[in-house]
Amino acid sequence: MIAALAFYVFAAILIASAVMVVTSRNPVHSVLFLILAFFNAAALFLIAGAEFLAMILLIVYVGAVAVLFLFVVMMLDIDFSQLRGGFQRYLPIGAIIGGILLLELLFVYGSWQFADGSAGLRMNAMTADGVTNTQALGRILYTDYIFLFQASGLILLVAMIGAIVLTLRDKRPDSRRQDIAVQVARAHAVTLQNVEPRKGLGELGIIRRPLPAAPKPRQVAHDDDHGHGGGHH
Amino acid sequence: MDAFLNSNIGILAITIAQTLAMLVPLLIAVAYATYAERKVLAAMQMRVGPNQVGPLGLLQPFADALKMVMKETIIPSGANRALFIFAPMLTFILAMIAWAVIPVAEGWAIADINVGVLYLFAISSLGVYGIIIAGWASNSKYAFLGGLRSAAQMVSYEVSMGFVIVTVLLCVGSLNLTQIVLAQKTVWFFIPLFPMFIIFFISALAETNRTPFDLAEGESELVAGYMVEYSSMAYALFFLGEYANMFLMSAMTTTLFLGGWLAPMDIAPFNWVPGPVWFILKVSLCMFTFFWVRATLPRYRYDQLMRLGWKVFLPFSLIWLVITAFVLKLAGWLPV
């Protein structure tokens, strides 16, 4: 009874926040409603007994993807009146696309047939006794379908390399790069020393050394591309 | 009595009692963590620290809390009111609900769930929302820049933290926190996984926005970062949330690497001490390290912070994860 009630509460909030994602005027509010929708989807996973999926949904989508969304949307400088201005113009084509999608969904759902006893199966635990669903998922992904899993990983890797290649602008050979080790290294000249009275630094064997000299601006860079942070033209 | 305890209302009552038994000591500990931090910093800087309110200044946290509550709550006119008030609440709530799965002793967790580690990781990664929403809703450039910095920083360090957790999980074979502690009966994981322990602790500093990674509130350039516009109770909630998060990270370090409630050795004087005492001692040690780091290190430069997260910790933890997997496999130590 409580599980059913919880399901309807979470499902109702999920749908309401999904509607708000589309309809709210402020894009930041949209993203926040999207996050609320993710939360309720995770709760639905939990009710279905898929605890691993619920937590992964939270970690991946809410903890990382939505943060980046929010990050980008917050920094956008959006003119709301301009956004709403196009509404009239795009209404017909939007309505047509929406209508086609609705029709397709109706056709799919209309030809949907349930197997005998499928409702009973859905109430059962998804895995056998003693096997947590983390183990069950791992077995499917890493044992049964390891090659497909690796292939999808490779596709993602290629996509990532592509993105890096597209955004890597810095192709000049003489651009200055940072050498953090040089930047954070200390010389004696900037170090506090506990010197005994009446004895100079020389007594301690410490000789003040000047800071490493700033490198001269290089005309052509061949092998050494470390800048020392302080160089001026 | 048993019939009552097994009914729905009985279970609810027990859960509420357990929650209070966890949260009340936690909040008192948070209050005294502020006192402890000031005392530790004072000792390290050869000062006295708070010593006026009550004996040895022990009532100082309550004086501070009273002062906070008495102040006026100011909501800037340009702020987004609902989100502005929601952000500190969210920070505080997230810092509290994570404690539901922490096992203080064997069987002493409010909810001993199968995916305890993932739950903790999820909750700690949500902490960024309190900060980023506060930064945006304040409608102030300092607050906004602080929020953005913090969001980027927390997302970056979560990645290597995730790899560290996976390494521990490889050695345990379970996502349950109690199982993780029990797997450390022979040796605490900070010994075989020492580099990962260090990475985890440094990432914990970054996750909680503590020195040397407190750029989100770097007062020399951003005044107080995302908290600039907050006052009174809303500010106090951020403050409590930050300290509760430090405790949470300490508890995670303790559970994953320092053997949770286990005694250092299972021999005479050590195993007379009950498990929760060991747990509290270990968490206190981690908290002391948080204060120690604050007293010792200067603040990082932002690009160095990002470099450390992405170019040092991420490849290193990834390589160490692969090495651990190979060693476990070749030595036949993989848990089934």
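Since this is a predicted model, take the numbers as computed values, not measurements. (Residues numbered from 1 in each chain as written. Chains lettered and ligands numbered in written order. Predicted model: local features only at pLDDT ≥ 70, side-chain atom pairs only at ≥ 80, totals over all residues. Heavy atoms only, no water.)

(A) Geometry of the side chain of Thr324 of chain B. All names here are of chain B. Tracing the chain through its elements places Thr324 in helix α13 (residues 302-331). A relative accessible area of 9% places Thr324 in the buried class. Setting aside residues no more than four positions away along its own chain, Thr324 makes contact with Thr167, Cys171 and Leu193. (Helix = DSSP H or I, 4+ residues; strand = E, 2+ residues; numbered from the N terminus. Buried < 20%, exposed > 50% of the residue type's maximum accessible area, 1.4 Å probe, protein only. Contact = heavy atoms within 4.5 Å.)

(B) Layout of the domain arrangement of chain B. All names here are of chain B. Taken domain by domain, chain B holds domain 1 (1-49) and domain 2 (78-331). Here the C-alpha centre of domain 2 lies 18 Å away from the C-alpha centre of domain 1. Taken together, the 16 residues of domain 1 in the interface contact 18 residues of domain 2. Summed over both sides, the interface between domain 1 and domain 2 buries roughly 1,500 Å², with carbon and sulfur atoms accounting for 85% of that surface. Arg294 is paired through a salt bridge with Glu37; the nearest N and O atoms lie 2.9 Å apart. Applying the counting criterion to the domain 1 and domain 2 interface returns three residue pairs in polar contact (both at pLDDT 80 or more). Of the residues assigned to the side of domain 1 that touches domain 2, the class counts are eleven nonpolar, four polar and one charged. (Domains from an automatic or database assignment. Buried area = accessible area lost by both parts, 1.4 Å probe. Salt bridge = Lys/Arg side-chain N within 4 Å of Asp/Glu carboxyl O. Polar contact = N/O pair within 3.5 Å; in protein donor to acceptor, adjacent residues only side chain to side chain. Nonpolar A, V, L, I, M, F, W, Y, C, P; charged D, E, K, R; others polar.)

(C) Focus on the confidence of the model for chain A. Residues and elements named next belong to chain A. Confidence in the prediction for chain A averages 79 pLDDT; 74% of positions are at 70 or higher. Ranking the helices and strands of chain A by mean pLDDT puts helix α8 (residues 146-167) first, with 93, and helix α6 (residues 118-123) last, with 65. Below pLDDT 50 for its whole length, residues 223-233 participates in 17 contacts with residues either more than four positions away or in separate chains. (pLDDT = per-residue confidence, 0-100.)

(D) Representation of the domain arrangement of chain A. By domain assignment, chain A separates into domain 1 (1-79 + 120-125) and domain 2 (129-169). One C-alpha centre belongs to domain 1 of chain A, the other to domain 2 of chain A; they are set 23 Å apart.

(E) Molecular detail of the interface of chain A and chain B. Chain A puts 27 residues into the contact, and the matching count from chain B is 27 residues. Interface area for chain A against chain B, summed over the two sides, is near 2,300 Å², with a carbon-plus-sulfur share of 77%. The largest per-residue losses of area from chain A upon contact with chain B belong to Met55, Ile59 and Met74 of chain A, which jointly make up 24% of the total buried on that side. Summed over the shared surface of chain A and chain B, the number is zero salt bridges. For the side of chain A that touches chain B, the elements supplying multiple residues, two or more each, are α2 (27-47), α3 (51-75) and α9 (180-184) of chain A. Considering each element in turn, the side of chain A that touches chain B owes the most residues, 14 residues, to α3 of chain A. In the side of chain A that touches chain B, the residues fall into 19 nonpolar, seven polar and one charged.

(F) Quick look at the packing of α3 of chain A against helix α6 (residues 141-172) of chain B. Two numbers describe how α3 of chain A lies on α6 of chain B: the axes approach to 11 Å, and their chain directions differ by 155 degrees. By the angle between their axes, α3 of chain A is roughly antiparallel relative to α6 of chain B. Two packed elements cross with a definite hand, and for α3 of chain A against α6 of chain B that hand is left-handed. For the pair formed by α3 of chain A and α6 of chain B, the contact residues are Gly63, Val67, Phe71, Met74 and Met75 of chain A on the first element and Phe144, Leu148, Ala151, Ala152, Val155 and Glu158 of chain B on the second. Class assignment for the residues of the contact of α3 of chain A with α6 of chain B results in nine nonpolar, one polar and one charged. (Axes fitted to C-alpha atoms, helices over the stretch in contact; angles between N-to-C directions. Parallel < 35°, antiparallel > 145°, perpendicular 65-115°, else oblique. Left-handed = near helix turned anticlockwise from the far one by under 90°.)

(G) Here's a closer look at the pattern of salt bridges. In this structure the tally under the stated criterion is six salt bridges over all chains. Salt bridges here are not isolated pairs; linked through shared partners, they connect Glu37, Arg210, Glu242 and Arg294 of chain B.

(H) Structural context of helix α3 (residues 60-70) of chain B. All names here are of chain B. Along α3, the residues classified as buried are Gln60, Pro61 and Met68. Along α3, the residues classed as buried sweep out an arc of 100 degrees about the axis, all on the same side. Residues of α3 that are exposed and angled more than 90 degrees away from the buried face: Leu66 and Met70. Here the buried face of α3 lies against α2 (8-44) and α10 (232-257). (Arc of directions from axis to C-beta.)

(I) Highlighting the confidence of the model for chain B. The predicted model of chain B averages 87 in pLDDT, with 99% of residues at 70 or higher. In the model output, the complex is listed with pTM 0.82 alongside ipTM 0.83.

(J) Spotlight on the packing of aromatic side chains. All names here are of chain B. Applying the stated rule across the entire model yields 22 aromatic pairs over all chains. Taking 5.6 Å as the distance between ring centres and 55 degrees as the angle between the ring planes, the aromatic pair formed by Phe200 and Phe257 counts as tilted. In this pair, Phe200 is assigned in helix α8 (residues 194-207) and Phe257 in helix α10, connecting sequence segments 57 residues apart. The exposure class of Phe200 is buried, given its relative accessible area of 0%. Three or more aromatic residues link up through ring pairs in this structure, and these residues are Trp188, Phe190, Phe194, Phe197, Phe200 and Phe257. (Phe/Tyr/Trp six-rings, centres within 6.5 Å; stacked < 30°, edge-to-face > 60°.)

(K) Representation of the state of the cysteines in the model. Residues and elements named next belong to chain B. Applying the stated criterion to the full structure yields zero disulfides over all chains. Free cysteine: Cys286, not disulfide-bonded; nearest cysteine sulfur from Cys171 at 19 Å. In this structure Cys286 comes out as buried when scored by relative accessible area, which is 4%. (Disulfide = S-S within 2.5 Å.)

(L) Local environment of the nonpolar core. Residues and elements named next belong to chain B. Grouped together as the largest cluster of nonpolar side chains are 112 residues, with contacts concentrated most on Tyr129 and Phe257. Among the elements that line this core, the one with the most residues is helix α5 (residues 116-137), at 16 residues. Dropping the residues within four chain positions of it, Phe257 is found in contact with Val164, Val168, Gln184, Trp188, Phe189, Phe190, Leu193, Met196, Phe197 and Phe200. (Core = buried A, V, L, I, M, F, W, Y, C linked by side-chain atoms within 4.5 Å.)

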